[in-house]
Each structure stands twice: as C-alpha cells, then as structure tokens.
Amino acid sequence: MTAALRKPAGRTPVRPVRSTGPEGDWTIRLRADLAGYAHALVHSRTEDWAAPARQPPHVREALLRAELGHRDWERYLGLRVPAVRERFAASRRLLKAAVAAAVQVAPWEVELAYTPAGRPYLPGYDAVHIALSHTGSLLLAGLATCGAIGVDAELSDRPLYGPGLCRQSCTPHEAGALQALPRGERDTALVRLWTLKEAYSKATGLGLAAGFTEFGFPVDAAGHVPAHVPLCCPDGTPASGFARAWTFRTCLLDGRYTAGIAVCDAGLGPTRDIAAATALDAAVLDAMSHTES
C-alpha cells in the first residue's frame, strides 16, 4: 500500500461493516477500509460470537480459554452474571478476529491488554490502535493505523435527558440546544452527544476522567447531530489546533442502537505494512501471544 492510494485518514469515518460471526467476507471489507481510510469498524451481535453451544461443556471451555487468552480468561471467570460473561467473551472474540484479519495472524495469537482507564490495546505492537464497545446485544469494534480510535454505543431510545446529567455532561451551548428541543426529541439527541463524548474520551485514554463539559458537538434545530461532526468549544464554536486532527460520526446500527465514532489522524503518514510477521521480530510476536497479567 502506498500513500498515493490511501485516502486522507480520518476525513470520512467509515460506516461499520456487519459481521454475522467468524465466517463470511466481512474481513475483506474490514481490510479494505483499513487500507483505504486508515481505520475500520465492525459490528455484530452477542449471539453471533457466542462459543458454539453444540460442543460438550469441557470442550467449549477449553476452546474459549484458548481464544480469550490468560488475561481475559481470568476476567471472564470473575464475571458472575451469565449474560454479562457471554457478552464479554463474544466482544473479545470479535475484536480479536478483527485484529487477526488485519495483522494476518490467528485470533488466538492476539493478546489484549488494558490501560488503567480500561482502553484495550495490543501489547508490544503499536501499529494498530483498537477500540471496543458493547451494549445490549450489540458488539462494536474499531481499528486504526492513523492514530487513536474510540467507539461507543447506546440504545437510541435510552432515557438520558435530565437537568442533573446535562449539568455534568454537556457544555452550556449543548445544554441550551437540548433545552430548546421538543421534549420528545431530547433523549435521542442526548444519546448521540453521549456516544460521541464517550468515544472521544475512550480514544484519548481519559475515560471517565474526561471533562464532558469542556468539549462538545453541534446540535441542530431539529435535534440532529450531523453524521460527520466537528469537535467544539464549550461555547459551540469549532475547536482549533490539534482538535482538527479528529473526526467524528454517529450512525444507527441494527435499527435501535446509536454508535459514536472518534478517529484521530496523528499526521505520521500511512502504515504500509501492518502484518505482524513483517512488522515485528519473532521475539515480540511471541510475546504478543503469551503476555500475562
């Protein structure tokens, strides 16, 4: 891949490709998006990535343990609610499959690690940045070679609007715009804003420590956050400087979930070869698949 063939990173965030499970051609589209736009996204459902129920329990457990790896297997065992465990395992299987397709290794060779804020990353391999979100039955994963990436998803009809949350999560400009909307449109508009703020805070690595009232996004008179949105100052004016390296979008997935996407173009130019076998020496590649807590 050469710079001449690569579209400007981050200028047009791609829509997530749909995966119905480990099989299928979704990985072809994912690799094409990553090569052409320096980022790619994939969404699926928990049931599509659940460990095969037809396997005997001991075989199913052995397969899942091998796929999750030491760190995530320990986290999996610590989850007591069956539905939460199932979603946790499915989301990691999807993310690992996406990374594996991008860097050309087997999914069980991909080991995930986590920052103190909970953001996933690939230990010993910084050519690909990763992101993950899941809610309800929805799974959403993102990959980027141009810089940081963050994703978040929420039910589109989640009842969020309220004076307390607005004071804690919205800029004065956003709070005024939401207040001006008809009551029935406020929740939907706030969900869009919330997913964008969450995606940005995850991408920056700040997580819940990010000051949601210190940055914002536009809300138009109809209560819509545009598909492609700029980062704004608290007064609603477009942010300048490094903030211009970021691109955001929202989209509707599965007809009931709103996804927020944040992509940063760090300006370091295209990554020509992200295959693990060529980007890493043997010792680092081995460490990727055997890193422990």
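So, here is what we can say about the structure in this document. (Residues numbered from 1 in each chain as written. Predicted model: local features only at pLDDT ≥ 70, side-chain atom pairs only at ≥ 80, totals over all residues. Heavy atoms only, no water.)

1. Things to note about the sheet that holds strand β6 (residues 138-144)
Part 1 of the argument: Pairing is mixed in the open sheet, where four strands are placed in the order β1-β2-β6-β5. The sheet is open, and its two borders are formed by β1 (17-18) and β5 (129-135), each paired with just one other strand.
Part 2 of the argument: Across seven bridges, the pairing between strand β2 (residues 39-45) and β6 is antiparallel. Each bridged residue has a counterpart across the sheet, and for S44 the counterpart in β6 is L139.
Part 3 of the argument: Strands β2, β5 and β6 of the sheet are contacted by helix α3 (residues 82-103), whose axis makes an angle of about 150° with β5. (Pairing = 2+ DSSP bridges. Helix = DSSP H or I, 4+ residues; strand = E, 2+ residues; numbered from the N terminus. Contact = heavy atoms within 4.5 Å. Axes fitted to C-alpha atoms, helices over the stretch in contact; angles between N-to-C directions.)

2. Quick notes on the pattern of salt bridges
Part 1 of the argument: Under the definition given, this model contains eleven salt bridges.
Part 2 of the argument: A salt bridge links R29 to D33, with the shortest nitrogen-to-oxygen separation between them at 2.7 Å. Here D33 and R29 lie together in helix α1 (residues 26-37), a separation of four residues that amounts to about one turn.
Part 3 of the argument: R29 gets classed as partly exposed once you look at its relative accessible area, which sits at 35%.
Part 4 of the argument: A residue is classified by how much of its surface remains accessible, and D33, at 6% relative accessible area, is buried.
Part 5 of the argument: The partner of D152 in a salt bridge is K202, and the shortest N-O contact between them spans 3.0 Å. Separated by 50 residues along the polypeptide, D152 in strand β7 (residues 149-155) and K202 in helix α6 (residues 183-204) bring together distant segments of the chain.
Part 6 of the argument: Three or more residues are tied together by salt bridges with common partners; here these are R18, R45, E47, D48 and D254. (Salt bridge = Lys/Arg side-chain N within 4 Å of Asp/Glu carboxyl O. Buried < 20%, exposed > 50% of the residue type's maximum accessible area, 1.4 Å probe, protein only.)

3. Describing the pairing of β5
Part 1 of the argument: Within β5, five of the seven residues are buried, leaving the element largely enclosed by the surrounding structure.
Part 2 of the argument: Of the strand pairs in this sheet, β5 and β6 are connected by seven bridges, and their pairing is antiparallel. Considered in β6, the bridge of H134 is made with L139.
Part 3 of the argument: Connecting β5 to the antiparallel partner β6 that follows it, the hairpin turn spans two residues, and G136 within it adopts a positive phi of roughly 55°.

4. Details of α6
Part 1 of the argument: Here α6 spans 32 Å end to end across 22 residues, near enough to the 32 Å set by a 1.5 Å rise per residue.
Part 2 of the argument: One or two steps after α6, the chain reaches G205, where phi turns positive at roughly 85°. (Expected span 1.5 Å × (residues − 1).)

5. Some thoughts on α1
Part 1 of the argument: The terminal C-alpha atoms of α1, which comprises twelve residues, lie 16 Å apart, in line with the 16 Å expected from a rise of 1.5 Å per residue.
Part 2 of the argument: Buried residues of α1: W26, T27, L30, D33, L34 and G36, and no others.
Part 3 of the argument: Of the surrounding secondary structure, the elements contacted by the buried residues of α1 are β1, β2, α3 and β6.
Part 4 of the argument: Once α1 ends, the next one or two residues include A38, with phi positive near 65°.

6. A look at the pairing of β6
Part 1 of the argument: Taking burial as the measure, the seven residues of β6 include seven buried ones, the bulk of the element.
Part 2 of the argument: Taking every second residue as pointing to the same face, both faces of β6 are buried, with L138, L140, G142 and A144 on one and L139, A141 and L143 on the other.

7. Some remarks on the packing of helix α2 (residues 57-77) against α3
Part 1 of the argument: Where α2 contacts α3, the two axes come as close as 10 Å, and the packing angle between them is 100°. Classified by the angle their axes make, α2 and α3 are roughly perpendicular. Residue-level contacts link R60, L64, E67, L68, G69, D72, R75, Y76 and L77 of α2 to R85, E86, F88, A89, R92, R93 and K96 of α3.
Part 2 of the argument: Along the lines of polarity and charge, the residues of the contact of α2 with α3 split into six nonpolar, one polar and nine charged. (Parallel < 35°, antiparallel > 145°, perpendicular 65-115°, else oblique. Nonpolar A, V, L, I, M, F, W, Y, C, P; charged D, E, K, R; others polar.)

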